[in-house]
Amino acid sequence: MEFNPVKSKLNLIYTGSLLIILIIFIVVLYLFISGAIKNEEIEQLNRFFEKEKHDFVKEIYEHGYEKNKDHEHEHERLEYQPGKNVFYYIFDNSASLVEGEETVEGLAQYLNKNDLDSLPLKFTKEMELKETHVLLIRFPLQVQEKSLGSVIIGMDITDEKHLIQRIIWILLLLTLLFSILFAWAGNFFAGQAMKPIQTAFQTQRKFVSDASHELRTPLSIFYSSIDVLAREERENLSPFGREILEDVKNESEMMKKLLNDLLFLARNDQKNFELDLEEIDLSHLLHSLSKRFRRIVPAHLSLEEYIQNGISMKADKVRIEQLIYILLDNAIRYTTEGKITCSLVSDGTEIVIRIKDTGPGIPLADLNHIFDRFYRGDSSRKRDGSGLGLAIAKAIVDAHRGKIEVKSEIDKGTEFVISFQVK
């Protein structure tokens, strides 16, 4: 079992969880700060309007009086006062500027150019002009529900914008810093969490290896003794005794196979599994295995082969034969009707073996676990066997640097695809 992927996954979950919490906190903090600043600015402009509202109305009246008195001149008073924080523009009903104080030169012309009539009677707007950020609020001027015009009150918020930008950069740098810190902490704590698991796994793996190895000798003696007893004392045993003896012999055979399987996997786990590599005729091997299985295939099944001739590879012949045997045996065991197909093809760069059946299929929830040891997912499948076959098959494929995949559909069948790269 490889612990590095598990450790990496734990680290990713730990770091990702903390990072998501941090990002949510930063976003909420940013929205809170920027919202509080903007609300305070709007409140300040509202207070300014309430304080100066009477004077604004007075200016509208004076402008109307002077305009009626002198039809040739319209008096427009606009003062440029860059030192002020709050500025305003008074407009009459015809959207003509009556009076104003501005801190951003040219803003009044910009507002006239963008047609005030197209804007709502009351609005709040942020804009940028000449690298200066301003907040504008338009208020209607009315006396006894009679519209006299409007006033636009503004505030230079460049400093506040720069403050918010600095806050954003600080928060981004903090996010980066804490991401690195979380990754380091996650790697450390994941490593600490994996230590007892690794220790327990190593102990369990050593126990399985030692137990499998130590039990082989007494089990072999037990199996041989039963075989001798069956030959020498067969005539002296009653029919019931012979039946019991046959059952014990079958069970000992199953136990012997289970121990061999466990020992194989234990050696593979401890990297003591060595392949006896040689150049083998893979096409001939599959033809031979298909022929052998065809003799034992039940009458309700058919075994078809589509094997490309002349394909060879450097591999352990015994283990490849064991691999194909496991897959064909499973296909026959779990297929009640239809056919089993064994195919072998190569395109010069890759060798692909396919074992396909028309059995009940494997549920989607079980597909990710079928190579796990002793895994039993589908209650409709038979319970004979040790549950180690596919785990051994995967170990053999991995040892040959190959890849094994499974495709399955319920009530349509299952297909195992094994691929080896041609060196």
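Trainee: Before we move on, could you go through the overall build of the protein and cite the residues and values that matter?
Mentor: Of regular secondary structure, the protein possesses eight helices and 13 strands. Taken across its 423 residues, the protein has 37% of its residues classed as buried. In the protein, the share of contacts with a sequence separation of at least 24, taken over all contacts with a separation of at least 6, comes to 64%.

Trainee: Describe the environment of Ile180, listing the residues and the values that go with them.
Mentor: The topology assignment puts Ile180 in helix α3 (residues 158-232). For Ile180, a relative accessible area of 55% puts it in the exposed group. C-alpha separation for the pair Ile180 and Thr15, spaced 165 residues apart in sequence, amounts to 9.1 Å.

Trainee: Kindly report on the nonpolar core, identifying the contributing residues and their values.
Mentor: If you look at the biggest cluster of nonpolar residues, it comprises 46 residues, and the most contacted ones within it are Leu282, Ile320, Leu323, Ile353 and Phe420. Here this core gets eight residues from one element, more than from any other, and that element is helix α6 (residues 317-334). Once residues lying within four places of it in the same chain are set aside, the contact partners of Leu282 are Ile311, Ser312, Met313, Ile320, Leu344, Ile351 and Ile353. In this structure, Ile137, Phe139, Leu141 and Val151 belong to the second largest nonpolar core, which totals 18 residues.

Trainee: Can you explain helix α5 (residues 282-296)? Please cite residues and give values.
Mentor: Its 15 residues place the ends of α5 22 Å apart at the C-alpha level, agreeing with the 21 Å of an ideal helix rising 1.5 Å per residue. Looking at the packing, one finds that the buried side of α5 touches β7 (277-281), β8 (301-307), β9 (312-316), α6, β10 (338-346) and β11 (350-357). The N-capping residue of α5, defined by a side-chain oxygen 3.2 Å from the backbone nitrogen of Ser283, is Asp281.

Trainee: Explain helix α8 (residues 389-399) to me, using residue names and the numbers behind them.
Mentor: Of the residues making up α8, those classed as buried are Leu390, Ala391, Ile392, Ala393, Ala395, Ile396 and Val397. Looking one or two residues past α8, Arg401 carries a phi angle of roughly 60°, positive in sign.

Trainee: Outline the pattern of salt bridges, supporting the account with residue identities and numerical values.
Mentor: Across all of its chains, the model carries 12 salt bridges by this definition. Linking Glu126 and Lys161 is a salt bridge whose minimum nitrogen-to-oxygen distance equals 2.9 Å. Here Lys161 lies in helix α3 and Glu126 lies in strand β4 (residues 123-129), a separation of 35 residues in the sequence. Lys161 sits in the partly exposed class, given a relative accessible area of 24%. Here Glu305 ties to Arg294 by a salt bridge, and the two come within 3.0 Å at their closest N and O atoms. Of this pair, Glu305 sits in strand β8 while Arg294 sits in helix α5, placing them 11 residues apart in sequence. Relative accessible area serves as the criterion here: at 37%, Arg294 is assigned to the partly exposed category.

Trainee: Explain the sheet that holds strand β6 (residues 146-156) to me, and be specific about the residues and the numbers.
Mentor: One open sheet holds the six strands; their spatial order is β1-β3-β2-β6-β5-β4, and the pairing between them is mixed. Strand pairing shows two members of the sheet lacking a second neighbour, β1 (77-80) and β4, which therefore form its edges. Direction aside, the axes of adjacent strands within the sheet are offset by 20° on average. Here strand β5 (residues 132-143) runs beside β6; their pairing, made up of 10 bridges, is antiparallel. Among the inter-strand pairings, Val143 is bridged to a residue of β6, identified as Lys146.

Trainee: Requested: an account of unusual backbone geometry, with residues and values cited.
Mentor: Here Arg401, not a glycine, exhibits a phi torsion of approximately 60°, which is positive. Position of Arg401 relative to the elements: it lies in the loop between α8 and β12 (403-409). With a relative accessible area of 71%, Arg401 lands in the exposed category. Despite not being glycine, Asp411 shows a phi value in the positive range, around 65°. Within the secondary structure layout, Asp411 lies in the loop between β12 and β13 (413-421).

Trainee: Any chance you could break down the sheet that holds β13 for me, citing the residues and the numbers?
Mentor: The strands making up a sheet associate through hydrogen bonds between their backbones, and the pairing can be parallel or antiparallel. Spatial ordering of the open sheet is given by β8-β10-β11-β13-β12, a layout of five strands whose pairing is mixed. Two strands close off the open sheet at either side, each with one partner strand: β8 and β12. Across the sheet, the mean angle separating the axes of adjacent strands is 10° when strand polarity is ignored. Where α5 meets the sheet, it contacts β8, β10 and β11, and its direction lies at approximately 170° from that of β8.

Trainee: Could you give me a rundown of the packing of α6 against α8, with the residues and numbers involved?
Mentor: Here α6 crosses α8 at 145°, and the two axes come no closer than 9 Å. α8 is crossed by α6, and the crossing has left-handed handedness. Across the interface between the two elements, Arg319, Gln322, Leu323, Ile326, Leu327 and Asn330 of α6 pack against Gly389, Leu390, Ile392, Ala393, Ile396 and Val397 of α8. When the residues that make up the contact of α6 with α8 are grouped by side-chain class, the tally is eight nonpolar, three polar and one charged.

Trainee: Before we move on, could you go through a negative patch on the surface and cite the residues and values that matter?
Mentor: Together, Glu243, Glu246, Asp247 and Glu253 give the surface a local cluster of negative charge. Summarising the element assignment, Glu243 is placed in helix α4 (residues 239-269).

Trainee: Report on the side chain of Glu415, specifying residues and quantitative values.
Mentor: You can see Glu415 is positioned in strand β13. Looking at Glu415, its side chain comes within polar contact range of the side chain of Arg354, at 3.3 Å. In contact with Glu415, not counting residues within four places along its chain, are Arg354, Ile355, Lys356, Glu405, Val406 and Lys407.

About the cut-offs
Residues numbered from 1 in each chain as written. Predicted model: local features only at pLDDT ≥ 70, side-chain atom pairs only at ≥ 80, totals over all residues. Heavy atoms only, no water. Helix = DSSP H or I, 4+ residues; strand = E, 2+ residues; numbered from the N terminus. Buried < 20%, exposed > 50% of the residue type's maximum accessible area, 1.4 Å probe, protein only. Contact = heavy atoms within 4.5 Å. Core = buried A, V, L, I, M, F, W, Y, C linked by side-chain atoms within 4.5 Å. Expected span 1.5 Å × (residues − 1). Polar contact = N/O pair within 3.5 Å; in protein donor to acceptor, adjacent residues only side chain to side chain. Salt bridge = Lys/Arg side-chain N within 4 Å of Asp/Glu carboxyl O. Pairing = 2+ DSSP bridges. Axes fitted to C-alpha atoms, helices over the stretch in contact; angles between N-to-C directions. Left-handed = near helix turned anticlockwise from the far one by under 90°. Nonpolar A, V, L, I, M, F, W, Y, C, P; charged D, E, K, R; others polar. Patch = residues over 30% accessible without salt bridge, like charges linked within 9 Å, V, L, I, M, F, W, Y side chains within 5 Å. Areas by Shrake-Rupley, 256 points an atom, 1.4 Å probe, with all protein chains shown as cover. Lys, Arg positive; Asp, Glu negative; His and termini not counted. Charge placed at Lys NZ, Arg CZ, Asp CG, Glu CD.

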